[in-house]
Amino acid sequence: MKLRKLTLALATALGSSLSSAAFALDLYVDTKTEQIYAKPAPGRVHIGSFVREEDAPAKTAGKTSKTAEAPMESSDGRIAEGAAEKTDPAELMAARRDIEMKAKMREARLVSDMASLEERVKQTEKTRMKYGPGLHFESADGNFTAEVDGRLQADSQYNITNDVLPPAPNDRPYELNSGANIRRARLGVEGTMFKKWDYKFEFDFSRGNGSVTSGITDAFIRYNFDSPLSVKVGSFKEPFSLEEATSNRFLTFIERNMAVNTFLDNPNVYKTGIGVNYAVPRWQTGISFQTEPVGSWSSASTSVNPNGNNSRNNGSGDTSWEGVGRISGRPWMESETKFWHVGASAAYTRVNTQYEGDGDFANGGMSFASFPGANVDRTNVLNTGNLSFGNKNDLNSRRVESYTRWGTETALVYGPFSAQGEYLQTHINGHGYSGESLFGFYGYLSYFLTGESRVYHVKNGAWNRIKPFQNFQLAGPGWGAWEIAAGYDYMNMNDGAIRGGKANLIKFGLNWYPHSNIRVMTNYVHVLDINTAGVVDRRSAGFNNANLDMWLTRFQVDF
């Protein structure tokens, strides 16, 4: 803009002065506005005199005014010199108009160049990504965001007491193994598009069962109609249970409780479909219509075992379509650190079972299995075996056709103290069954020694990230956040025609949060009783009346 004003002022000054002083022109610049004038005034500095060549002093004298003549080397300057040679008023007016036209043309070019430059700057800003807190990127207009996230959970398990039955002649030892592994290693990206859309994709490099060692967890796109209401399509968790809705990054104990693992995690909680969520600060609800994927895809679709993770390719059975719903809320809420949470979940799932041409069982069906709190050797100590077996024409055969799940949940947060409990039950429906029920429940208490409180995730109706009051500093006053916990866990899979065993245990935990994204956990698990008498699976039967004590650890980093 300064260049534009300078050009206009010069052109105006030249034009106005030529009519009255064709043979000499004095120019002055304002020291504040940097505008050029033909008359002196306070705050203006004389920058030089412009004269006709024939009226100029000798060449040697011209050296003293070289700086003043330099501006006349431009095209407009040469016109001004030519105008100084003219004495006819008509010719002077023509020269003046020529100068004004040239000035306007240059101003137009300058305006065009400035507009083009501004447009380029705008385009650059729209596509420029900025680095925010964490691995967060955002376009300047806010229409696009992306966050790279990940987690690493390195676990260990040491079996203090490991007294089980001796193996059968052709079986391997039944004892649990001590060791270490990478429980989860996930990498993903999530973000928003055009303010209303958001997305998430996550891959777990250690997830799987059977022969599958990795798999997709979340892979969905969601549209947010307004702040509370949203709809998503893709692969995502079933909306069921408080502990399941809580990310494994924010669990109080290293492993989820037996009932949650048995009815949700082990049968694969990540399924493909459509879901609707409505959430406000005091309550939330989510419903979904989901199914297993078709074909080889991830650990969610392997026909190695019948725990709901079966591919439907080539006539393989699996858990089919299902409807799931959960509602939760905080009926009493004094603040974000003092409230009471309650909730309920329900689900209905169809099961596919495939038979050969002669009626013999081929594949599919469904089984439920559980392990008692272990994080490295997660052997199925409790196991119903496949609930579909035998020739379909045999009166003694059985076939699971569907199962119904429901659960209730509650939690209390009162400053650094919290309590949580759930009851989950599954009803089995099908040929040879008469509504058998498998059930389990748990409860635990936790307390932050450093004064923090559990953080509530409104949209999920679950727990969120703990932020220490003071991060750990080796040479400073901060020690991070420290939490202690104690819990009880019970699981019963014996009812009617089903013999899967039952078990109960107690556990204690100590958690250290040096920073909000780093966590060190240690658990002691003592199994009170295991009853696997009558269980078909021989290894599970080998744990009948076993004495088990385990020391578990986890080092976790997530971002």
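For the structure, check the block above.
Note that this is a predicted model, so its numbers are computed, not measured. (Residues numbered from 1 in each chain as written. Predicted model: local features only at pLDDT ≥ 70, side-chain atom pairs only at ≥ 80, totals over all residues. Heavy atoms only, no water.)

**Here's the deal with unusual backbone geometry**
Excluding glycine, residues mostly have negative phi values, and the peptide bonds linking residues are mostly trans. In this structure, F194 takes a positive phi of about 55 degrees despite not being glycine. With respect to the secondary-structure elements, F194 resides in the loop between β7 (179–193) and β8 (197–204). The phi angle at N545 is positive, at roughly 60 degrees, despite the residue not being glycine. In this fold, N545 is placed in the loop between α8 (538–541) and β27 (547–558). On the accessibility criterion, N545 (53% relative accessible area) is exposed. (Helix = DSSP H or I, 4+ residues; strand = E, 2+ residues; numbered from the N terminus. Buried < 20%, exposed > 50% of the residue type's maximum accessible area, 1.4 Å probe, protein only.)

**What about the side chain of D155?**
Topologically, D155 is positioned in strand β6 (residues 144–163). Here the side chain of D155 touches R554 through a polar contact of 2.8 Å, side chain to side chain. Filtering out sequence-adjacent residues up to four positions away, D155 remains in contact with G179, A180, N181, R183, I254, N375, V376, T553 and R554. (Polar contact = N/O pair within 3.5 Å; in protein donor to acceptor, adjacent residues only side chain to side chain. Contact = heavy atoms within 4.5 Å.)

**Quick notes on the pairing of strand β12 (residues 283–291)**
Bridge analysis of strand β11 (residues 270–280) against β12 gives nine bridges, and the strand direction is antiparallel. Bridge pairing links N277 to G286 in β12. Turn length for the β11-β12 hairpin, with the two strands adjacent in sequence and antiparallel, is two residues. Pairing analysis gives eight bridges linking β12 to strand β13 (residues 319–335), with the strands arranged antiparallel. Within the sheet, the bridge partner assigned to T285 lies in β13 and is I327. (Pairing = 2+ DSSP bridges.)

**A short note on helix α7 (residues 258–265)**
Note on helix geometry: an α-helix contains 3.6 residues per turn, so any two residues three or four positions apart are oriented the same way. Counting buried positions over the eight residues of α7 gives seven, a clear majority of the element. Of the residues making up α7, those classed as buried are M258, A259, V260, N261, T262, F263 and L264.

**Examining the pattern of salt bridges**
If you walk through the whole model with that rule in mind, you get 21 salt bridges. Across the pair K271 and E238 runs a salt bridge whose closest N-O atoms are separated by 3.3 Å. In this pair, K271 is assigned in strand β11 and E238 in the loop between β10 (229–237) and α6 (242–245), connecting sequence segments 33 residues apart. Here the two residues K271 and E238 agree in accessibility, since each one is buried. Measuring nitrogen to oxygen at the nearest pair gives 3.8 Å for the salt bridge that ties R256 to E244. Note that R256 is positioned in the loop between α6 and α7 and E244 in helix α6, a separation of twelve residues in sequence. Accessibility expressed as a relative area gives 1% for E244, which makes it buried. Connected through shared salt-bridge partners, R151, R186, E202 and D204 make up one network. (Salt bridge = Lys/Arg side-chain N within 4 Å of Asp/Glu carboxyl O.)

Function-wise, these values are silent; they only describe arrangement.
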